[in-house]
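Each chain, letter by letter, is given below.
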Amino acid sequence: MAVTSAMLLISPKILQAVIDELKRADSDPDFTVSAGRLLFFFLLLVGVGVGIGITGFTQRYTSIWVANRIEFHLRADFFLHLQKLSAAYYDNARTGDLMTRATNDLRNITGMLGYAVLYTTEAIVLLGCAITIMLRIDAPLTGVALLPYLMILVFMHVIRKRYYVHYTGIQEASSDMNTKIQENLSGVRVVKAYTLEASEAEHFQALNRELVNQNYSLIRLNAINGPLSWDLLPGIGIVVLLWMGGLHVIDGKITIGEFVAFLAYLGMLIRATRNLGYFVTTFQRSAASMDRINAVLNEKPEIFDSEQVNRDIKNIEGEIEFRNLNFDYPDGTPVLRNINLKIERGMTLAIVGRTGSGKSTLVNLIPRIRQAEHGTVFIDGTDVQDIPLNVLRSNIGFVEQEPYLFSDYLRYNIIYGLETADDEEVRDAAHTADLLDQIEEFPNGLRTLLGERGITLSGGQRQRTALARAIIIKPKILILDDAFASVDTQTEDTILSRLDEVMNECTTLLISHRISTVKDADQIIVLDEGSIAETGTHEQLLEHNGIYAGLYETQLLQEELEEL
């Protein structure tokens, strides 16, 4: 950049020398300019031009390369930070908005780090050097020349905040539109089922129109800024300079060559000022995007390895204990109250209760998907917050009612928790989950490519794939959160019988609304409004004739009605 700027500053001096020598030769019979002398000046200008081209290419290539490397690392850091954020953050976060920040906003930052920084640095060098040389040529003329550009700089300072507001509005409108697209693509079957295509299209058009309107506001600002800053004020300045400069040449204060060089340096001022204007607009766009990126980066993970975590713990055995556990959601809604429970290693505990009684929340506290207070949840006698997260979670197999599958091969979705698994282990896990026979019926078997969220599989197949994923890691704790809701009772019985061997090797927590699923558990607890209302085996709870017995009788009645 320094070499480029130096050669740019040399060019007017070469023109000055050529013009002054030709002028002298025209007025002084004793002075001549040879063809060789002109050839020298010609080759010198060509050399400077080639040098500017080479160094200009190098500086632009290097600058953009560095900017893209920064974008690469910033996007990687952004993604890693998203992975660290707690589940509570995603309760309110919008996927489309986060995707916009990770793509459009980061690209805006790259634009500032690349060309904007390059042009601005070049502009500062040219401004400083060109003004210095112009002052040496003619100080009064320089003062007049700088007036329009000082006015331009003041104007740009005044409108820069408006650019920030417009760019912020554009990015937010873009986030809203992308969120709408993402939600419609994910929920397209619901949209079609309710024949709401026209309504969704109308809603999208409103968001699309808002984005266009935000861009129109920016266009209007640019339409005012461009002609005023780059045409009107510089044009007036050049006209005044031609008049005053001409007078100075007539008065002999400067030579024609100096005046031509002065105008060339003035052209550099125009170029430098335009680059500064480009920087102002680009910086405001980048600042708006950086604020949106920082809004996410400044979010602190609620769940992380604290300083007191015991790094010596490399494994867990599976004993679980809740001591005086109380838990509220971040908005203050009470969920669990006074939970005291000990689950021995290798034991199968079933958890039943009405919807909203806190069953899923309770099991989410074990792998720290939700964070309980210190001193309330223990594994092997150690507070879960003192166990390294990677050790804790790598030993827990978790199957939810609505499992998430990736748009990848079926095999990849099974080995997601253990990517070193061989085909035999994959087939064993699929067999235990009663999925192997169906996989073999697929044309591509384990190489079957799934749609988004595993939509190409049935609900039961998705649950069984998630079950295979959970048991292939040979967990010390297996959590089945209504994991058989999408399979029929016969398939459920088959899976549970095959799971016996797995469950004998680990501690199992089984949540289900079906009494037939939990009746063989070692112990059953009934949650009611966040508290343990009943505890015992299937037979003991039936004898108690409480909530559990009522649920059991209701299900028996439903089965009888279905048979009719």
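J.: How do you make sense of the pairing of strand β3 (residues 348–353) when you look at a structure like this?
T.: Looking down a regular strand, the side chains alternate between one sheet face and the other. β3 sits mainly inside the fold: six of its six residues count as buried. Two elements, β3 and strand β9 (residues 523–528), share five bridges in a ladder whose sense is parallel. Counted as the bridge partner of L349 is Q523 from β9.

J.: How should I be thinking about the packing of aromatic side chains in this particular structure?
T.: Geometry of an aromatic ring pair is reported as the spacing of the ring centres plus the angle between the planes. In the structure shown here, the tally under the stated rule is ten aromatic pairs. A ring pair is formed by F57 and Y61, whose centres lie 6.0 Å apart and whose planes are at 25°; its orientation type is stacked. Placement of both F57 and Y61 in helix α2 (residues 35–84) is noted, with a separation of four residues, approximately one turn of the helix. The burial state of F57 is the same as that of Y61; both residues are exposed. Taken together, the ring pairs connect Y404, F406, Y412 and Y416 into an aromatic cluster. The residue whose ring lies beneath R323 is F378, and the NZ or CZ to ring-centre distance is 3.7 Å. Over the ring of Y409 we find R447; its NZ or CZ atom is 4.0 Å from the centre of that ring.

J.: Explanation requested: the nonpolar core in the structure shown.
T.: Generally speaking, soluble globular proteins have nonpolar side chains that are buried together. One finds L467, L480, F484 and L499 to be the most contacted residues of the largest nonpolar core, which totals 45 residues. Apart from residues lying up to four places away in sequence, L467 is in contact with V399, A433, L480, F484, I495 and L499. F327, I343, L392 and L509 belong to the second-largest nonpolar core, a separate cluster that totals 34 residues.

J.: I would appreciate a short explanation of the packing of helix α13 (residues 459–471) against helix α14 (residues 489–504) in the present structure.
T.: Each packed pair of helices is defined by two parameters, the angle between the axes and the distance between the axes. For the pair α13 and α14, interaxial distance at closest approach is 13 Å and the crossing angle is 5°. Viewed along their axes, α13 and α14 adopt a mutual orientation that is roughly parallel. Counted together, R464, L467 and I471 of α13 and T491, I495, L499 and V502 of α14 form the full contact between these two elements.

J.: Got a minute to help me understand the sheet that holds strand β2 (residues 334–343) in this structure?
T.: Strand order in this open sheet of four strands is β2-β1-β4-β5, and the pairing throughout is antiparallel. Taken across any chain shown, the strands that pair with only one partner, and hence form the sheet edges, are β2 and β5 (382–383). Bridging between strand β1 (residues 320–328) and β2 involves six bridges; their strand directions are antiparallel. Looking at the pairing, L325 lines up with I339 of β2.

J.: Just checking my understanding: could you explain helix α1 (residues 2–27) for this structure?
T.: Taking 1.5 Å per residue as the helical rise, α1 with its 26 residues ought to reach 38 Å, and the 38 Å between its terminal C-alpha atoms agrees with that figure. The complete set of buried residues in α1 reads T4, S5, M7, L8, L9, S11, P12, I14, Q16, V18 and E21. At its buried positions, α1 is contacted by α2, α3 (95–137) and α7 (256–297).

J.: I would appreciate a short explanation of a nonpolar patch on the surface in the present structure.
T.: A cluster of nonpolar side chains, L39, F42, L43, V46, V50 and I54, forms an exposed patch at the surface whose accessible area comes to about 560 Å². Judged by its relative accessible area of 46%, V50 is partly exposed.

J.: How should I be thinking about helix α4 (residues 139–186) in this particular structure?
T.: An α-helical turn contains 3.6 residues, so any two residues separated by three or four positions project in the same direction. For α4, built from 48 residues, the straight-helix expectation of 70 Å at 1.5 Å per residue is met to within 8% by its first-to-last C-alpha distance of 67 Å. Residue I159 marks the point of greatest curvature in α4, where the axis turns by about 35°.

The rules we used
- Residues numbered from 1 in each chain as written.
- Predicted model: local features only at pLDDT ≥ 70, side-chain atom pairs only at ≥ 80, totals over all residues.
- Heavy atoms only, no water.
- Buried < 20%, exposed > 50% of the residue type's maximum accessible area, 1.4 Å probe, protein only.
- Helix = DSSP H or I, 4+ residues; strand = E, 2+ residues; numbered from the N terminus.
- Pairing = 2+ DSSP bridges.
- Phe/Tyr/Trp six-rings, centres within 6.5 Å; stacked < 30°, edge-to-face > 60°.
- Lys NZ or Arg CZ within 6 Å of the ring centre and 35° of its normal.
- Core = buried A, V, L, I, M, F, W, Y, C linked by side-chain atoms within 4.5 Å.
- Contact = heavy atoms within 4.5 Å.
- Axes fitted to C-alpha atoms, helices over the stretch in contact; angles between N-to-C directions.
- Parallel < 35°, antiparallel > 145°, perpendicular 65-115°, else oblique.
- Expected span 1.5 Å × (residues − 1).
- Patch = residues over 30% accessible without salt bridge, like charges linked within 9 Å, V, L, I, M, F, W, Y side chains within 5 Å.
- Areas by Shrake-Rupley, 256 points an atom, 1.4 Å probe, with all protein chains shown as cover.
- Salt bridge = Lys/Arg side-chain N within 4 Å of Asp/Glu carboxyl O.
- Bend = angle between axes of the 7 residues up to and from the residue.

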